[in-house]
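What follows is the residue order along each chain.
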Amino acid sequence: MGLQGLDCVTLNLDPGADMVPYSPDVDIRDWIRLSEVMEDYQLGPNGAQIVSSDLMALNIREWEPVVKALDTNYVLVDTPGQMELFTFRESSSVIIDGLDRESSFLVFLSDPQLSKFPNGFVSTLMLCALTHFRFSLPILNVLSKVDLLSEPELEAILEWSREPEALNSALMEMTYPSQSLINMEFFKAMETVGMFRALTPVSSEDFTGMEDIYDAVQQVFMGGEDLSSD
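Throughout, a residue's number is its position along its own chain's written sequence, starting from 1. Totals for whole chains, interfaces and linings use all residues, but because this is a predicted model, local features are given only for residues with pLDDT of at least 70 and pairs of side-chain atoms are given and counted only at 80 or more. Side-chain numbers come from the whole structure's heavy atoms, not from hydrogens or water.

1. Quick look at the confidence of the model for the chain
For every residue, the predictor reports its confidence as pLDDT, a number between 0 and 100. Scored by pLDDT, the chain has a mean of 89; 95% of the residues are at 70 or more. Element-level pLDDT for the chain is lowest in helix H10 (residues 177-192), with a mean of 72, against a maximum mean of 97 in strand S2 (residues 26-27). Strands here mean DSSP runs of E at least two residues long; helices mean DSSP runs of H or I at least four residues long; both are numbered from the N terminus.

Listed below in structure tokens is the structure:
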């Protein structure tokens, strides 16, 4: 965004993050901290994470005006990594509506270590499809941390995402025929509803794929033209 001359702000929505590898412009931990929720509600880490997710929505009128006051057209929102804390909580819809649903775009991060196995790859496709179904928003499926994969592993994953037959063959070669059959049926269902699409490989270490994410957002909101700074 900076290279394109576009102003944007970052919003951290993970109250349980011990360390955030960037300096967020707005940080939910200024209002809600996991350690304090654990103490106040006498909960363990897992229960406190769920309560914290709901508290973010309940207290949105406290922190949402701070985001809006920064007067920018673009907000990069970093949500909790655990899907059960965001995708599968009703509080997430409240947050999306509060920030502006009509102008929202989702980036789904597929785990590279899970994706390098055929059945794991199908599982990540399913999770992305569930997220898309849950929010009904434009979504880009990103293969994150590709710097952790070997070149052959990355090539195999990208081939599965581009060529259904390649994935079909890899599933058939698995040692557990019953599991392969189930995965193949899931795969066929997602292909039918249009959720089978090429992955975008990304690494924050060397900035691989960052322009591809930008291009995808461009395509959705501006029909391929550069994003507006107005």
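2. Re the side chain of serine 52
Among the structural elements, serine 52 can be located in helix H2 (residues 45-58). In this analysis, two residues are considered to be in contact whenever any of their non-hydrogen atoms come within 4.5 Å of each other. With residues near it in sequence (within four places) discarded, serine 52 still touches Pro15, Ile32, Leu34 and Val37.

3. Comments concerning the packing of H2 against helix H5 (residues 90-99)
Where H2 contacts H5, the two axes come as close as 8 Å, and the packing angle between them is 30 degrees. Relative to H5, the element H2 lies roughly parallel. Classified by chirality, the crossing of H5 by H2 is left-handed. Residues Ser53, Asp54, Met56 and Ala57 of H2 lie in contact with H5, whose contacting residues are Ser91, Val94 and Ile95. For this scheme, ten residues count as nonpolar: Ala, Val, Leu, Ile, Met, Phe, Trp, Tyr, Cys and Pro. Four count as charged, namely Asp, Glu, Lys and Arg, and the remainder, Gly too, count as polar. Split into classes, the residues belonging to the contact of H2 with H5 amount to four nonpolar, two polar and one charged. For helices, the fitted line uses only the C-alpha atoms of the stretch in contact; every axis is such a line through C-alpha atoms, and the angle between N-to-C directions lies from 0 to 180 degrees. By the definition adopted for this analysis, an angle is roughly parallel if under 35 degrees, roughly antiparallel if over 145, roughly perpendicular if from 65 to 115, and oblique otherwise. Helix crossings fall into two classes, left-handed where the near helix is turned counterclockwise from the far one by less than a right angle and right-handed where it is turned clockwise.

4. As for the nonpolar core
By nonpolar core is meant a set of buried Ala, Val, Leu, Ile, Met, Phe, Trp, Tyr and Cys residues that side-chain atoms within 4.5 Å join together. Throughout this description, buried means an accessible area under 20% of the type-specific maximum (1.4 Å probe, protein chains only), exposed means over 50%, and partly exposed covers the range between. Ranked by size, the top nonpolar core spans 21 residues in total, and within it Phe121, Leu143, Ile157, Trp160 and Leu167 carry the most contacts. Elements with a contribution of two residues or more to this core: helix H7 (118-135), helix H8 (151-162), helix H9 (164-172) and H10. For phenylalanine 121, the contacting residues outside a window of four places in its chain are Leu114, Ser115, Ile157, Trp160, Ser161, Leu167, Phe196 and Leu199. Membership of the second largest hydrophobic core comes to 15 residues, among which are Ile28, Ala48, Ala57 and Ile60.

5. Examining the sheet that holds strand S4 (residues 106-110)
Strands were regarded as paired on the criterion that DSSP finds at least two bridges between them. In spatial order, the strands read S4-S5-S6; together these three strands make up an open sheet with parallel pairing. Lying at the two open borders of the sheet, with one neighbouring strand each, are S4 and strand S6 (200-201). Of the pairings in the sheet, the one linking S4 to strand S5 (residues 139-143) comprises five bridges and is parallel in character. Directly across from phenylalanine 108, in S5, lies its bridge partner asparagine 141.

6. Thoughts on unusual backbone geometry
Here glutamine 42, not a glycine, exhibits a phi torsion of approximately 55 degrees, which is positive. Along the chain, glutamine 42 turns up in the loop between helix H1 (34-41) and H2. Given a relative accessible area of 68%, glutamine 42 falls into the exposed group. Unusually for a residue other than glycine, aspartate 71 sits at a positive phi of about 55 degrees. Looking at where aspartate 71 falls in the secondary structure, it is placed in the loop between helix H3 (60-69) and strand S3 (75-78). On the accessibility criterion, aspartate 71 (68% relative accessible area) is exposed.

7. Overview of the side chain of serine 104
Summarising the element assignment, serine 104 is placed in the loop between H5 and S4. Assessed through its relative accessible area of 15%, serine 104 is described here as buried. Of note is the side chain of serine 104, whose polar atom sits 2.8 Å from the backbone oxygen of aspartate 100. Once residues lying within four places of it in the same chain are set aside, the contact partners of serine 104 are Ile96, Leu137, Pro138 and Phe221. In protein, a polar contact requires one atom able to donate a hydrogen and another able to accept it; more generally it is a pair of N or O atoms within 3.5 Å, and residues adjacent in sequence count only if both atoms are side-chain atoms.

8. Structural notes on the pairing of S5
The buried fraction of S5 is high, at five of five residues. Burial along S5 is two-sided: the face carrying Ile139, Asn141 and Leu143 and the face carrying Leu140 and Val142 are both buried. Relative to S6, S5 is paired through two bridges, and the arrangement is parallel. Paired with valine 142 across the bridge in S6 is threonine 200.

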